[in-house]
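The lines below spell out each chain.
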Amino acid sequence: MTLRTGYPDGAPCWADLNTPDLAGAQRFYGALLGWTFDEPVAEMGHYSTARRDGKSVVGMAPKQPGMDMPSLWSVYLKTSDADASARQIEAGGGKLLFPPMEIPGQGRMLFAFDPTGAAFGMWEPATHTGAQMFDEPGAMCWHEVNTRDGAAADAFYRSLFPFDQAQVGDGTNFDYTVWSIDGHAVGGRLQMTAEWGELPPHWMTYFAVENCDAAATKVAELGGKLMHGPFDSPHGRIAVVADPYGATFSVIQRSANDPAT
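Residues numbered from 1 in each chain as written. Predicted model: local features only at pLDDT ≥ 70, side-chain atom pairs only at ≥ 80, totals over all residues. Heavy atoms only, no water.

Engineer: Before we go on, may I ask you to explain unusual backbone geometry in this structure?
Structural biologist: For residues besides glycine, phi is generally negative; the peptide bonds are generally trans as well. For the peptide bond that leads from Gly229 to Pro230, omega is 0°, which places it in the cis range. Counting through the fold element by element, Pro230 comes out in strand β14 (residues 225-233). For His46, which is not glycine, the phi torsion reads 65° and is therefore positive. Along the chain, His46 turns up in the loop between β2 (36-37) and β3 (48-52). The class for His46 is partly exposed, based on a relative accessible area of 40%. Not every positive phi belongs to a glycine, and Asp182 is a case in point at roughly 55°. Relative to the elements of secondary structure, Asp182 occurs in the loop between β11 (176-181) and β12 (184-191). (Helix = DSSP H or I, 4+ residues; strand = E, 2+ residues; numbered from the N terminus. Buried < 20%, exposed > 50% of the residue type's maximum accessible area, 1.4 Å probe, protein only.)

Encoded structure:
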């Protein structure tokens, strides 16, 4: 296992969960993905770091009083300058929800909406450089923004970072772009269709698992819900699921010939 010590600007480097039941969420994800958890830090809203084999993978925290939002996973894109990124977000038609703020001893973060309505964060690292494990079982391995205006999303994120964006599919029945930095795929954008119903635009986090079907079955056994799949893709076998508190994410059993690896 490789210890990940950094990420290029624009790459998803961290994700965290807000949940109404921290202890319950820890039981669910610990059983599903093999995570252990640091003691929650009271001074940081009882934020807890999840680890796999001792390496950090994500964070999670209980909802704060008055927090009127559903339980969800949030993704953070790495930036070397949160202040400059905040200005670029607003210039590109995005909206800042939380301007750059200091997380003592860790780094700086902001949170925003892109012009299509998808929420995302940015992280300027200090001592906390992002997830120490990536693209291994039990860790994040992919992120994509699901949106109803793919062209606008592509243009907005390309204005923030020097992504190379390659079209996948026919652009009509399946409209997807893969975003790369220096030849390495770091994320993507999926055009939502009428079949998505009223689901708002959002970022999706994928966690790698050794067996997708077994993981999907275990989600249900642990009180979660299977939303879609399992199904095969060029990148592996995927299931979209929700934890017992409604936070959605995907699990993927990576294919040996995955073109993104």
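Having put the structure on the table, let's press on.
Engineer: Could you clarify how one ought to interpret the packing of aromatic side chains in this entry?
Structural biologist: We describe a pair of aromatic rings using the distance from one ring centre to the other and the angle between the two ring planes. Under the definition given, this model contains 21 aromatic pairs. When the centroid spacing of 6.2 Å and the interplanar angle of 80° are considered together, the rings of Trp35 and Trp73 count as edge-to-face. Placement of the pair is Trp35 in the loop between α1 (22-33) and β2 and Trp73 in strand β5 (residues 72-78), with a sequence separation of 38 residues. Of the two residues examined, Trp35 and Trp73, each falls in the buried class. Centre to centre, the rings of Trp73 and Phe207 are 5.4 Å apart; their planes meet at 65°, and the pair counts as edge-to-face. With Trp73 in strand β5 and Phe207 in strand β13 (residues 202-208), the pair connects residues that are 134 residues apart, well separated along the chain. Across this residue pair, the class does not change: Trp73 and Phe207 are buried. One aromatic cluster is present, built from ring pairs that chain together Phe28, Tyr29, Trp35, Phe37, Trp73, Phe207 and Phe249. It is Arg4 that lies over the ring of Tyr7; its NZ or CZ is 3.9 Å from the centre. Here the basic side chain of Arg4 rests over the ring of Phe134, its NZ or CZ set 5.5 Å away from the ring centre. (Phe/Tyr/Trp six-rings, centres within 6.5 Å; stacked < 30°, edge-to-face > 60°. Lys NZ or Arg CZ within 6 Å of the ring centre and 35° of its normal.)

Engineer: For this particular structure, what's the right way to read the layout of surface pockets?
Structural biologist: Vacant regions in the atomic arrangement are exposed by a probe of water-molecule size rolled over the atoms. Estimates place the volume of the second largest pocket at around 1,100 Å³. In terms of lining residues, the second largest pocket is bounded by 40 residues, among which Asp16, Met44, Tyr47, Tyr76 and Met109 are the most central. Listed by contribution, the elements that provide at least two residues to the lining of the second largest pocket are β1 (12-19), β3, β4 (55-62), β5, β6 (95-103) and β7 (107-113). Of the residues contributing to the lining of the second largest pocket, the split by class is 20 nonpolar, 14 polar and six charged. (1 Å grid on protein atoms, 1.4 Å probe; cavity = no way out; pocket = protein on both sides within 12 Å on 5 of 7 lines; lining within 4 Å. Points joined across faces, edges and corners; volume = space filled by probe spheres on them. Nonpolar A, V, L, I, M, F, W, Y, C, P; charged D, E, K, R; others polar.)

Engineer: Teacher, can you tell me more about the side chain of Asp154 here?
Structural biologist: Looking at the element boundaries, Asp154 is found in helix α3 (residues 150-160). With sequence-adjacent residues up to four places away left out, Asp154 is seen in contact with Gln165, Thr177, Trp179 and Arg189. (Contact = heavy atoms within 4.5 Å.)

Engineer: Where do I start with a nonpolar patch on the surface in this structure?
Structural biologist: Taken together, the side chains of Leu97, Phe98, Met101 and Phe113 define a hydrophobic patch exposed on the protein surface, amounting to about 330 Å² of accessible area. When residues in the nonpolar patch are grouped by element, the largest group, three residues, is from β6. By the secondary structure assignment, Phe113 is in strand β7. When its relative accessible area of 31% is taken as the criterion, Phe113 is described as partly exposed. (Patch = residues over 30% accessible without salt bridge, like charges linked within 9 Å, V, L, I, M, F, W, Y side chains within 5 Å. Areas by Shrake-Rupley, 256 points an atom, 1.4 Å probe, with all protein chains shown as cover. Salt bridge = Lys/Arg side-chain N within 4 Å of Asp/Glu carboxyl O.)

Engineer: Explain α1 here, please?
Structural biologist: The α-helix advances 3.6 residues per turn, and as a result positions three or four apart in sequence lie on the same side. Between its first and last C-alpha, α1 extends 16 Å over twelve residues, near the 16 Å set by a 1.5 Å rise per residue. Buried residues dominate α1, accounting for nine of its twelve residues. Those residues of α1 that sit buried are Leu22, Gly24, Ala25, Gln26, Phe28, Tyr29, Gly30, Leu32 and Leu33. With a side-chain oxygen lying 3.4 Å from the backbone nitrogen of Ala23, the N-terminal cap of α1 falls on Asp21. (Expected span 1.5 Å × (residues − 1). Polar contact = N/O pair within 3.5 Å; in protein donor to acceptor, adjacent residues only side chain to side chain.)

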